[in-house]
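Topology and contacts: notes
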Amino acid sequence: MKVLIVGSGGREHAIATSVQKSPKVDQIYCAPGNAGIGQIAECVPIGAMEFDKLVAFAKDKQIDLTIIGMDDPLVGGLTDMFEDAGLRVFGPRKNAAILEGSKAFSKDLMKKYQIPTAAYETFDDADKALAYLETADFPIVLKADGLALGKGVLICQSLEEAKDGVRSIMLDKQFGAAGNCMVIEEFMTGREVSVLSYVDGKTIKTMTSAQDHKRAQDGDQGLNTGGMGTFSPSPFYTEEIDTFCQKYIYQATVDAMAAEGRTFKGIIFFGLMLTPKGPKVLEYNARFGDPEAQVVLPRMKTDIIEVMEACIDGTLDTVDLQFEDNAAVCVVLASDGYPVHYDKGLEIRGLEQFEDKDGYYCFHAGTKLDENGKFITNGGRVLGVTAKGADLKEARANAYAATEWIDFDNKYMRHDIGKAIDEVNGE
Ligand code: AMP
Ligand code: GLY
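Conventions and cut-offs
Residues numbered from 1 in each chain as written. Chains lettered and ligands numbered in written order. Predicted model: local features only at pLDDT ≥ 70, side-chain atom pairs only at ≥ 80, totals over all residues. Heavy atoms only, no water. Near = heavy atom within 4 Å. Polar contact = N/O pair within 3.5 Å; in protein donor to acceptor, adjacent residues only side chain to side chain. Areas by Shrake-Rupley, 256 points an atom, 1.4 Å probe, with all protein chains shown as cover. Nonpolar A, V, L, I, M, F, W, Y, C, P; charged D, E, K, R; others polar. Core = buried A, V, L, I, M, F, W, Y, C linked by side-chain atoms within 4.5 Å. Buried < 20%, exposed > 50% of the residue type's maximum accessible area, 1.4 Å probe, protein only. Helix = DSSP H or I, 4+ residues; strand = E, 2+ residues; numbered from the N terminus. Contact = heavy atoms within 4.5 Å. Pairing = 2+ DSSP bridges. Axes fitted to C-alpha atoms, helices over the stretch in contact; angles between N-to-C directions. Salt bridge = Lys/Arg side-chain N within 4 Å of Asp/Glu carboxyl O.

All residues adjacent to ligand 2 are D212, G226, F269, N285, R287, G289, D290, P291 and E292. In the environment of ligand 2, a nitrogen atom lies 2.8 Å from a nitrogen or oxygen atom belonging to the side chain of D212. Between ligand 2 and the protein, one listed contact pairs an oxygen atom with a backbone N or O atom of D290 at 3.0 Å. A total of 200 Å² of accessible area belongs to ligand 2 in isolation, and the protein chains cover 89% of it. Broken down by class, the residue content of the shell around ligand 2 amounts to two nonpolar, three polar and four charged.

This next bit is on the nonpolar core. L4, F82, Y250 and L272 are the most contacted members of the largest nonpolar core, which totals 50 residues. Top contributing element to this core by residue count: helix α9 (residues 239-259), with eight residues. Discounting residues that sit within four places of it in the chain, L272 has contacts with R191, E192, V193, V195, Y237, C245, I249, Y250, K280, V281 and L282. The next biggest cluster of nonpolar side chains, apart from the first, holds 43 residues, and it includes A14, I15, A16 and I28.

With that out of the way, let us pick up the site of ligand 1. With respect to spatial proximity, 14 residues lie near ligand 1, and among them E185, E186, M188, E192 and E283 are the closest. Taking E192, its side chain carries an N or O atom lying 2.3 Å from an oxygen atom of ligand 1. For ligand 1, an oxygen atom lies 3.0 Å from a polar atom in the side chain of K214. Relative to its unbound accessible surface of 470 Å², ligand 1 loses 91% to contact with the protein.

What follows covers the sheet that holds strand β7 (residues 140-144). Pairing in this open sheet of four strands is antiparallel, and the strands run β6-β9-β7-β8 from one edge to the other. Edge positions in the open sheet fall to β6 (120-123) and β8 (153-156), since each of these has one partner strand only. Adjacent strand axes in the sheet meet at a mean angle of 20°, parallel and antiparallel pairs treated alike. Each of β6, β7 and β9 (182-186) is contacted by helix α7 (residues 126-133), which is oriented at about 155° to β6, the strand it contacts most.

Assignment of secondary structure puts R11 in helix α1 (residues 10-21). For R11, a relative accessible area of 8% gives the class buried. In terms of polar contacts, R11 uses its side chain to reach the side chain of E12, at 3.0 Å. For R11, the residues in contact, after removing those within four places along its chain, are G69, M70, R287, F288, G289, D290, A293 and Q294.

Turning our eyes to something else, we now look at the pattern of salt bridges. Per the counting criterion, the structure on display carries 20 salt bridges. Between E100 and R287 there is a salt bridge, with its nearest N and O atoms 3.2 Å apart. Of this pair, E100 sits in helix α5 (residues 94-101) while R287 sits in the loop between β17 (278-285) and α10 (293-296); the two residues are 187 residues apart in sequence, bridging distant segments of the chain. For E100, a relative accessible area of 8% gives the class buried. For R287, a relative accessible area of 13% puts it in the buried group. Ionic contacts of the salt-bridge type, sharing partners, join the residues D80, E83, D84 and R93 into one network.

The following block contains the structure:
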């Protein structure tokens, strides 16, 4: 089989690594990919939003399966274009990817189908949003409706701060057109957990849980980022919580989408908050998480191609989805200054140390090869150093040890990825 992966980050490197393990696969292409993905796939210089070129490439190379890793092309309808061209593709159609593409849509869906989430109101008029804030409780959460690179959420402590937030989202368009409409919602407290799942339109099979660390600095300080590290599984995600979520959140969401005529096939990523009143949905994504994929996929025992094909064919109920009974931790190595200003083009040393080391992975996010064939940094998040272990403690020790193998100028990382697990161990 020939497989094409669309995307260029650590998530796509993790997907490619899983795809490569499948005995069904002969050749992997990635558009546009990165230097690390280029070691296991042929990278083609086509951007994820160049739909016509992607379809033409897939036809020309007779690609058997295309996997869309990123949100933008999914929300923009790349799956529809592939399907209309008679090509096999993994990822929701545009009318289903709206689950991630519009927060107003997803909130209204949850309300209509009584899926637990924070109380909210939606606004497409700044004056009405400002008037609503006068009677609200604080802190309060403001969300731009559309895709905003995970940055369109503001948590406001006071009325003044919230009013400034509404103005910057709706009037100054800080997040562009994503702010034409916005959601104002109740502030929830609790531990966050990410649960990713495979969906075939009617059946849903969840993967092992994970937790991200979104802030740039230790102790959850600093700016929001695309994610500085993850661990899997989350010890806070108990069997009791899982039973509740399977019934009232996961299957309910798949059924709700089908009832709306928006059959969802692909990945649903449930961003959950474990509140004192039970689990509630923070957000949905229509794709693997980044860097959640980097800790979940290495632990997956089932052939990823088999699962994805079952999602497309509507036969997911026949798949026995299995994960290893261990743990994984991913520590993101960034270029100091991320997510604001950072240098690119810095030489990366030590990558060869990961070769042939079982249970260790160095997923590339922002890297490329220079004219001499050396690996250099090409983004804020550079690498996702991942290690497995018998338990979270061991996985964390292994992952941090492996971060020492890599060296580049301005290398920056958080030192407390997975530290929360010490609470469970009573340390
Ligand atoms: P989202 O992109 O919707 O996941 O929001 C980004 C982050 O903002 C989440 O991971 C939470 O940490 C925080 N957040 C979002 N919504 C809420 C809420 N209703 N209450 C508290 N924190 C929230
Ligand atoms: N790690 C969060 C996300 O992928 O949206």
